[in-house]
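Residue-level listing of the chains:
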Amino acid sequence: MNTQDFVALEEKFGAHNYHPLDVVIERGEGVWVYDVDGKRYLDCLSAYSAVNQGHVHPKILKALIEQASKVTLTSRAFRNNQLPLLYKELSEITGYEMSLPMNSGAEAVETAIKLARKWAYRVKGVKRHDAEIIVVDGNFHGRTISIVSFSSEEFYKGDFGPFTPGFISVAYGDADAIADAITPNTAAVMIEPIQGEAGVIIPPDGYLQKVAKICRKNNVLFIADEIQTGLGRTGRLFACDYENVRPDMAIIGKALAGGFYPVSAVLADKDLLGLFSPGEHGSTFGGNPLGAAVARAALQVMVNEKLAERADELGTYFMEQLAEIPSPHVKDVRGKGLLIGVELKPEAKGARRFCEALQDRGILVKETHQHVIRFAPPLVIDKETIDGILPPIREVLNMV
Ligand SMILES: *Cc1c(COP(=O)(O)O)cnc(C)c1O
């Protein structure tokens, strides 16, 4: 079977909830993926930053195989010998006292919302069911009903109401707007330190500091969704580190298990995560020994291979090089570390055709929203590889 055969099968039997490029990947190794026709591509999306450690990293693969041959799922009705070690290592790496493991990012976001609400009722003293959470326009936190309830993207929510109440959305990047939206019922402010899905939107310098301060002053929790920005992607362990901000809760996922397995987590101190009591929240697969073993290995790779430092150094270089490309189409090049957005002018007629042209030249990227090309290769990329893709990128950014 060739590419067209697989595409035809997928179109016929699968729900059309994505609009993928027509590349059918069969195999991956490091920064490279290979399609069913034998063509090699540089992966510049990294599965939305889930494969920061590179495809099929041998150390993570080894942990997966070893653990899969022992035990994979115990449920949390019993304990297993991997989860406690993941807890401990996560705490040592991130500085948070505790964590709560889930599977997908959206589940971890839901977990953070539940915890913020419980904190509001049990600690802050908000009247039950009156808690409010402030979010920001352009947010992306996942796809559950509650999460799309506070999306500002009509397309994500249009046909999916009725919505979950209790959320207020204000402009991103405007700390005063958050201060103005706070009421005695406010439990938390939840933001992405950089909005990846919205098109790599970077808030003004000092924004995170200001928001953290406003939260502290008003006895409101500060929740950072670091599912995409965290674990080295932006050149620091967390994107919040750039402003020396330590959120009350940090949500991680994606690269936590190096793309081998869905593992997410909410990180917080004991005064918060200690509020959950048995039976109030859970997940059959959350914290399973296979996921925990894989996440432990993925974290170790992140630390040992200094992926945050690599992202910082190579991201700065890559972004400088991209910014120097003369192009009639480019409006802005921005990013932090290896999370880079190239925004095209509206006259360029959308980023999609540029992504397809890059695909023809062996580079896989995806448009975010209509006009932004996101460059986010695995953090194990090297300078020579970046240098190798600059000429085809230059060519594509100068297409008519
Ligand atoms: C991907 C993402 C999510 C959702 O994660 P899933 O694993 O797809 O549920 C939430 N927040 C941010 C910032 C993300 O990038």
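A. Highlighting the packing of aromatic side chains. By the definition in use, this model includes four aromatic pairs. Arranged with centres 5.8 Å apart and planes meeting at 75 degrees, the rings of Phe 140 and Tyr 156 form a pair that is edge-to-face. You can see Phe 140 sitting in the loop between strand S5 (132-136) and helix H6 (145-149) and its partner Tyr 156 sitting in helix H7 (residues 154-157), a full 16 residues away along the chain. The two residues Phe 140 and Tyr 156 agree in class, both being buried. Aromatic side chains Phe 318 and Phe 375 sit 5.7 Å apart centroid to centroid with 75 degrees between the ring planes, which places their arrangement in the edge-to-face category. Highlighted residues: Phe 318 in helix H12 (residues 307-324) and Phe 375 in strand S15 (residues 372-375), separated in sequence by 57 residues. By the burial criterion, Phe 318 is buried, and Phe 375 matches it. The lysine or arginine in question, Arg 27, covers the ring of Tyr 34, its NZ or CZ lying 4.0 Å from the ring centre. In this structure, Lys 157 packs its charged tip against the face of Phe 163, placed 4.9 Å from the ring centre.

B. Just the domain arrangement of the chain, in detail. By the assigned domains, the chain splits into domain 1 (3-56 + 306-397) and domain 2 (58-304). A straight line from the C-alpha centre of domain 1 to that of domain 2 covers 26 Å. Taken together, the contact pairs 30 residues of domain 1 with 34 residues of domain 2. Put simply, domain 1 and domain 2 have two salt bridges between them. Measuring nitrogen to oxygen at the nearest pair gives 2.7 Å for the salt bridge that ties Arg 374 to Glu 197. Along the contact surface separating domain 1 from domain 2 lie 19 residue pairs in polar contact (both at pLDDT 80 or more). Only helix H2 (46-49), H12, strand S11 (330-336), strand S12 (339-344) and S15 provide two or more residues apiece to the side of domain 1 that touches domain 2.

Calculation notes
- Residues numbered from 1 in each chain as written.
- Predicted model: local features only at pLDDT ≥ 70, side-chain atom pairs only at ≥ 80, totals over all residues.
- Heavy atoms only, no water.
- Phe/Tyr/Trp six-rings, centres within 6.5 Å; stacked < 30°, edge-to-face > 60°.
- Helix = DSSP H or I, 4+ residues; strand = E, 2+ residues; numbered from the N terminus.
- Buried < 20%, exposed > 50% of the residue type's maximum accessible area, 1.4 Å probe, protein only.
- Lys NZ or Arg CZ within 6 Å of the ring centre and 35° of its normal.
- Domains from an automatic or database assignment.
- Contact = heavy atoms within 4.5 Å.
- Salt bridge = Lys/Arg side-chain N within 4 Å of Asp/Glu carboxyl O.
- Polar contact = N/O pair within 3.5 Å; in protein donor to acceptor, adjacent residues only side chain to side chain.

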